[in-house]
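# A look at the structure
Chain residues, written in single-letter form:
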Amino acid sequence: MPVYEYECDVCNHRFEKKQGFHDKPVEKCPKCGGKPRRVIRSAPVIFKGSGFYITDSRKKVPEPEKAKEKPAEKKEKGKEK
Ligand SMILES: [Zn+2]
């Protein structure tokens, strides 16, 4: 079972909980009863061995922003009622 890490927004209490995929996320901090949020730990990505080739050799160049002059529409609101 994967271990999920939670951090409480209220008291910053960190705890881990073993949960199955079908389990509901923890909704209560064991310390203060606040709502914790799940901290996603980034797992290290390891590429093993050869045979991994990047097929997309084209570099994706970001499109240059179109230098279109847009008239700034600033409509001042009238009197507020
Ligand atoms: Zn808490």
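See the structure printed just above.
All of these numbers come straight from a predicted model, not from anything done at the bench. (Residues numbered from 1 in each chain as written. Predicted model: local features only at pLDDT ≥ 70, side-chain atom pairs only at ≥ 80, totals over all residues. Heavy atoms only, no water.)

### Here we look at the coordination of the zinc ion
In ideal tetrahedral geometry, four donors around a metal make angles of 109.5 degrees, whereas ideal octahedral geometry with six donors gives angles of 90 or 180 degrees. Here is the rule we go by: Each metal's donors are the N, O and S atoms within 2.8 Å of it, or within 3.2 Å when it is Na, K or Ca, and because water is not part of the set, sites may look incomplete. Four donors are marked tetrahedral only if all angles between them lie between 85 and 135 degrees, whereas four are marked square planar and six octahedral if opposite donors are more than 155 degrees apart and the other angles lie between 65 and 115; the remainder are marked irregular. A run of H or I in DSSP becomes a helix once it reaches four residues, and a run of E becomes a strand once it reaches two; helices and strands are each numbered from the N terminus. Relative accessibility thresholds used throughout: buried, under 20% of the residue-type maximum; exposed, over 50%; partly exposed, between the two (1.4 Å probe, protein chains only).
Only C8 (SG), C11 (SG), C29 (SG) and C32 (SG) from the protein coordinate the zinc ion, and they sit 2.2 to 2.3 Å from it. One can describe the donor arrangement at the zinc ion as tetrahedral, given that its four donor atoms subtend angles of 103 to 114° at the metal. Along the chain, the residues donating to the zinc ion fall in the pattern C-x2-C-x17-C-x2-C. Separated by 24 residues along the polypeptide, C8 in strand β1 (residues 3-8) and C32 in the loop between β2 (14-18) and β3 (36-39) bring together distant segments of the chain. By relative accessible area, which is 0% here, C8 ends up buried. Given the relative accessible area of 39%, C32 is considered partly exposed.

### Describing the pairing of β1
Spelled out, the test is: Should DSSP find at least two bridges between two strands, the strands are regarded as paired.
Judged by how many residues are buried, β1 sits mostly within the fold: five of six residues are covered. Connecting β1 to the next strand, β2, in antiparallel fashion are five residues, including N12 with a positive phi near 60°. Inspection of the sheet shows β1 paired to β3 by four bridges, in the antiparallel sense. Of the residues in β3, the one forming a bridge with E5 is V39.

### Section: the pattern of salt bridges
The following threshold applies: Criterion for a salt bridge: a side-chain nitrogen of Lys or Arg within 4 Å of a carboxyl oxygen of Asp or Glu.
Considering all chains together, one arrives at four salt bridges under this definition. A salt bridge links E7 to R14, with the shortest nitrogen-to-oxygen separation between them at 2.6 Å. The class of R14 is partly exposed, set by a relative accessible area of 46%. Residue D9 is joined to R37 by a salt bridge in which the shortest nitrogen-to-oxygen separation is 2.9 Å. With D9 in the loop between β1 and β2 and R37 in strand β3, the pair connects residues that are 28 residues apart, well separated along the chain. One salt-bridge network, in which partners are shared between bridges, spans E5, E7, D9, R14 and R37.

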